[in-house]
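Each chain, written out:
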Amino acid sequence: MSMHGGGGWHSRYGGLDSSDISRANIDLRHIPRLWEFVRPHIWTMTFAMVLVAGISATGLVGPILVRRAIDIYIPSRNYQGLVTTVMLYVAAYSGIAVMRYLQTYIMSAAGQRMLYSIRRKLFVHLQDLGLDFYDRFEAGRIMSRVTNDVDALNQLISSGILNLLSDLVTILGILYVMFSMSPRLALISCVTIPLLVVLVLFMQKRMTRAYHRVRRRLADVNANLQESISGMKIVQAFSREEVNAQRFDETNSRNMQANMEAAVLHSLFFPLVELIGSMGTAAVLYYGGLRISWGDPTVTIGTLVAFINYVTRFFWPIRDMSDLYNLVLAAGVSSVRVFEILDTKPNVEDRPGAIEIPDVRGEVRFEHVTFGYDPALPVLHDINLEARPGETIALVGPTGAGKSSIINLLLRLYDVDEGRITVDGHDIRDLTIESLRSRMGVVLQDTFIFSGTIRENIRYGRLDATDEEVEEAARIVGADRFIERFPEGYDTEVHERGARLSVGQRQLLAFARALLADPRILILDEATSSVDAYTEYMIQQALERLLEGRTAFVIAHRLSTIRNADRIYVIDDGRVVEEGTHEELLARGGRYASLYEKQFTAAEGVS
């Protein structure tokens, strides 16, 4: 399993986890594909857009009302008109508050549903991807795609688009009102816009680079954290706490530095925008003051106050649009990473016209099978072996010989490069993956126990099993003895990866799980290597019932556990070097006899 070649992997996955994504490499072509997730909520978003336009348009009314109060009602002491203006002002902003509440709630709900849809599609697709994908990528980096990158896409959809609409309506509305009031003052208020454009162009390139460093460093932190937590038992067993803490400190420090660089740029950018906006306000105040002092009837105090208000508001959406630029860049990067996962084809798929396998008798054949994780570096060479219905086939050989690869091919976790594998005469590539694997039971050396209860873990192989069937499966393999010692019995929470259970207890649960699934073909990959002699004896007793009427493939380093196998295949360097029963191979005095003698001698030495 460790002999995985590089081959064309980088061309297939190169962009998924690139360590340095430059602005020039940002690909925005995937963003339109988000329509798939937006379409179900299009009417909700349309209503939200109407509300946003209403909020922006209504917000323009305030300065006009202030201008009227200052220029008309206050000088003429028209208190009724003043009261009416104040009431209209309060009503306008009350309407804005209501519309903003509705828009925020509606888009939050729609955004969460879109977030759910994207993450669900990603998760379902990840279930279908082959082991070659997971061999290449750390779990923390994959988790970063499902969490951080999906969040970035959601922010663009649920916030960015609406903010863009709001900003455009606000800018166009302000320009229209200002030019209607006083074209000269309006032109004066625009003199600082070129300066703002230069600032944005200058800062955005640097902010983009800083932003990508932040995302990369965050992925590093996630990967380091996931690996450290998953391997905590080994960390503590080898007293690696300080070393791991130092490694995490280095990763975390790089993350902090990247965030600080981004924070410096952000903290510099927005005050500069405010400064340029203040310069625009100062220009309007100066020129407008001069026009009033010169007796220009087109410029009044109310007009000047309204202009100052509008100029201040004019720079808000421009500042917000620079944030939107960052959102688009973030979504561009995230869309590449998310859709690259979604576009990744499983290494094993159902062929067109694949059939459901009928009732399985259990006849398995490997015919001239050659396979390599990298096709240029085969790990199995011209493998031929067979298992008749009900036979127990043992695979033995040194570590790295290719035994687990044979099992992986039988489960169709990978496809053969040459030759074929048949079950009951059917090439397994002509069968649906689900129907093939549903008729197989697997117990691996590294038993995986899911968080949840003991009962749920045993039932994992057959979800419709009754409590009585679950308990009967546990009783047959002898797991009931330790289960009943827990106060909660079968409802005991085992915690993540079965942390409350010993290695032997986890393997007994795996046997019960396989038994309950009632497979026609049973695969035991070093399944008794981590249990004590007494537990192994109990498992051997249970296996007699478990194997009855089933075809079984057994990988075992303890050769004493496979004496009764119908046929033993000795695998070395990816080839079948010997074949026969236990007695036949011993009598032959070859590789198997040598392995057996070494184990027997070692066992005598220990005793």
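Just so it is clear, the structure is predicted and the values come from calculations on it, not from any experiment. (Residues numbered from 1 in each chain as written. Predicted model: local features only at pLDDT ≥ 70, side-chain atom pairs only at ≥ 80, totals over all residues. Heavy atoms only, no water.)

Enquirer: An account of the overall build of the chain is requested, with residue identities and associated values reported.
Expert: Counting its secondary structure elements, the chain contains 21 helices and 10 strands. Per-residue burial for the chain yields a buried fraction of 47% across its 607 residues. Within the chain, contacts between residues at least 6 apart in sequence are counted, and of these 78% link residues at least 24 apart. About 30,700 Å² of surface is accessible on the chain, with carbon and sulfur atoms providing 58% of the total. (Helix = DSSP H or I, 4+ residues; strand = E, 2+ residues; numbered from the N terminus. Buried < 20%, exposed > 50% of the residue type's maximum accessible area, 1.4 Å probe, protein only. Contact = heavy atoms within 4.5 Å. Areas by Shrake-Rupley, 256 points an atom, 1.4 Å probe, with all protein chains shown as cover.)

Enquirer: Account for the nonpolar core, with residues named and values stated.
Expert: With 42 residues, the main nonpolar core has Ile458, Ile483, Ile562 and Tyr592 as its most contacted residues. If you tally residues by element for this core, the top one is helix 18 (residues 503-517), at eight residues. Once you skip the residues sitting within four places of it in the chain, tyrosine 592 turns out to touch Val396, Leu559, Ile562, Ile568, Val570, Glu578, His582, Leu585 and Leu586. Counting 36 residues, the second largest nonpolar core, distinct from the first, contains Met99, Leu129, Leu327 and Leu342. (Core = buried A, V, L, I, M, F, W, Y, C linked by side-chain atoms within 4.5 Å.)

Enquirer: Residue-level account of the pairing of strand 4 (residues 418-423), with values.
Expert: Successive residues of a regular strand alternate their side chains across the two faces of the sheet. Here strand 1 (residues 364-371) runs beside strand 4; their pairing, made up of five bridges, is antiparallel. Among the inter-strand pairings, valine 364 is bridged to a residue of strand 4, identified as valine 423. Relative to strand 5 (residues 426-427), strand 4 is paired through two bridges, and the arrangement is antiparallel. Its bridge partner being in strand 5, threonine 422 is matched across the sheet by aspartate 427. The turn joining strand 4 and strand 5, which pair antiparallel and follow one another in sequence, is formed by two residues; a positive phi near 55° is taken by aspartate 424. (Pairing = 2+ DSSP bridges.)

Enquirer: Residues and numbers for the environment of glutamine 257, please.
Expert: Its place among the elements puts glutamine 257 in helix 11 (residues 241-293). Glutamine 257 sits in the partly exposed class, given a relative accessible area of 43%. Spatially, the C-alpha atoms of glutamine 257 and arginine 213 are 9.4 Å apart, while their sequence positions differ by 44 residues.

Enquirer: Which residues make up helix 11, and what are the values?
Expert: With 53 residues, helix 11 extends 75 Å from end C-alpha to end C-alpha; this agrees with the ideal 78 Å at 1.5 Å per step. Downstream of helix 11 by a residue or two, glycine 295 has a phi angle that is positive, lying close to 80°. (Expected span 1.5 Å × (residues − 1).)

Enquirer: An account of the sheet that holds strand 3 (residues 392-396) is needed here, citing residue identities and associated values.
Expert: Here six strands make up an open sheet; going across it, the order is 6-7-8-3-9-10 and the pairing mixed. Edge strands, defined here as strands with exactly one partner in the open sheet, are strand 6 (440-443) and strand 10 (575-580). Strand-to-strand, the axes of this sheet are offset by a mean angle of 15°, without reference to chain direction. Where strand 6 lies against strand 7 (residues 521-525), four bridges are found, and the strand directions are parallel. Looking at the pairing, glycine 441 lines up with leucine 522 of strand 7. (Axes fitted to C-alpha atoms, helices over the stretch in contact; angles between N-to-C directions.)

Enquirer: Requested: an account of a nonpolar patch on the surface, with residues and values cited.
Expert: Together, Val98, Tyr101, Leu102 and Tyr105 make up an exposed nonpolar region whose accessible area comes to about 450 Å². Structurally, the position occupied by leucine 102 is in helix 5 (residues 79-128). Take leucine 102: its relative accessible area is 34%, and that puts it in the partly exposed class. (Patch = residues over 30% accessible without salt bridge, like charges linked within 9 Å, V, L, I, M, F, W, Y side chains within 5 Å. Salt bridge = Lys/Arg side-chain N within 4 Å of Asp/Glu carboxyl O.)

Enquirer: Break down the packing of aromatic side chains for me, with residues and values.
Expert: For the coordinates displayed, the defined rule picks out six aromatic pairs. Measuring from ring centre to ring centre gives 6.4 Å for tyrosine 101 and tyrosine 105, while their planes differ by 20°; the resulting arrangement is stacked. Within this pair, tyrosine 101 and its partner tyrosine 105 are both found in helix 5, separated by four residues, close to a single helical turn. For the residue pair tyrosine 101 and tyrosine 105, the accessibility class agrees, reading exposed in each case. Relative to tyrosine 373, the ring of phenylalanine 371 lies with its centre 4.9 Å away and its plane at 80°, an arrangement referred to as edge-to-face. (Phe/Tyr/Trp six-rings, centres within 6.5 Å; stacked < 30°, edge-to-face > 60°.)

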